[in-house]
Structure formats: C-alpha cells, structure tokens
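# Observations on the three-dimensional arrangement
The residues making up each chain are set out below.
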Amino acid sequence: MFDSVLVVCAGNICRSPTAEYVLKQKLEGKNIAVSSAGLTALEGKPADAMAQHVVAEHGLDLSGHAGRQLTSALVAQNAVILVMEQRHLTDLCLRYPQARGKTFLLGKWLGDKEIPDPYKQSREAFEHVYQLIESATSAWSKYL
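This section reports on the structure supplied with the text. (Residues numbered from 1 in each chain as written. Predicted model: local features only at pLDDT ≥ 70, side-chain atom pairs only at ≥ 80, totals over all residues. Heavy atoms only, no water.)

### Observations regarding the packing of helix α1 (residues 15-26) against helix α5 (residues 123-141)
Relative to each other, α1 and α5 sit at 45°, their axes nearing to 9 Å. Regarding the angle of α1 to α5, the classification is oblique. Judged by the twist between their axes, the crossing of α1 over α5 is right-handed. Of α5, the residues touching α1 (which contributes Arg15, Thr18, Ala19, Val22, Leu23 and Lys26) are Val129, Tyr130, Ile133, Glu134, Thr137, Ser138 and Ser141. For the contact of α1 with α5, the residue count by class is six nonpolar, four polar and three charged. (Axes fitted to C-alpha atoms, helices over the stretch in contact; angles between N-to-C directions. Helix = DSSP H or I, 4+ residues; strand = E, 2+ residues; numbered from the N terminus. Parallel < 35°, antiparallel > 145°, perpendicular 65-115°, else oblique. Left-handed = near helix turned anticlockwise from the far one by under 90°. Contact = heavy atoms within 4.5 Å. Nonpolar A, V, L, I, M, F, W, Y, C, P; charged D, E, K, R; others polar.)

Have a look at this one:
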C-alpha cells in the first residue's frame, strides 16, 4: 500500500487543494498522508474564493490552505503523485525524472480524463470540476 499522495495542478489554489481535501475525506481512517502543490504555484495564497465556496457546499473547508510550489523534496517524499492534465504529467516528469512511474492523471480510472482549470471561470465551471474530482478520487480511493 501507499503511505502518501501528492496532488498537483498549476497554481495550487483551485483543483489540487480541492482534490487534496476530497481525497483526505475518502481515505479517512487509512494511514495515508495527502497533500498538494503546484507546478507554478501561487505560494502562500489561499484557495480560490469560488473553489472554497463550492467545496464548502459539499461539507469541506479549504480556508486553511496555502499554495505551495512543487519541489524535488515533495516528489521524493510522496509514493504517488496525481496531476490534472497530461501536460502536467509531461512537465513534472521532465523537471523531476524521479517522478516517472509514480505520477498519474487524477482521472486515470475515468478513461484518462483531464480535469480542466476553472480559474476565473463561472461557478458552474467550478461545480463541474468538483464533480470530476469527486468521481476521480472515488475511483483512486479503491487503489490506495
């Protein structure tokens, strides 16, 4: 089994924090650490206000989140890395070759579905992304 999962997107203020908190809830009771980071993170920034709002409607609280940059140490510390888009997978493995073999699309078990970036989009876009993340994390929780 895996002891740690890192969820990665671009800015670490919308998708990856949402997936981090949803996955933490799904893995509750298992001894698996879940965290998130961004490839081009808005370091120290809180989760996007609309992301916080949509996630709160589903019973989770992102208010304590602060964006952080992906580092080689984070790559080394985590057993599994989940990314939102194919380009994130490619970029991450180019920057950190040691991530090959443990980095996958969050939507892997949904036919390699990508999770689009809702940043600066409508509430409906955030809700759509939340539903994709919910489905993808449910699928992953069976394998973690």
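### Observations concerning helix α4 (residues 86-95)
For α4, every residue scored as buried is listed here: His88, Leu89, Leu92 and Cys93. Mapping the buried residues of α4 onto a view down its axis gives an arc of 120°, with all of them on the same face. Turned more than 90 degrees away from the buried face of α4, the exposed residues are Arg87 and Leu94. Tucked inside the fold, the buried residues of α4 contact β1 (4-9), α1, β3 (80-83) and β4 (103-105). (Buried < 20%, exposed > 50% of the residue type's maximum accessible area, 1.4 Å probe, protein only. Arc of directions from axis to C-beta.)

It is worth stressing that arrangement in space is one thing and function is another; only the former is reported here.
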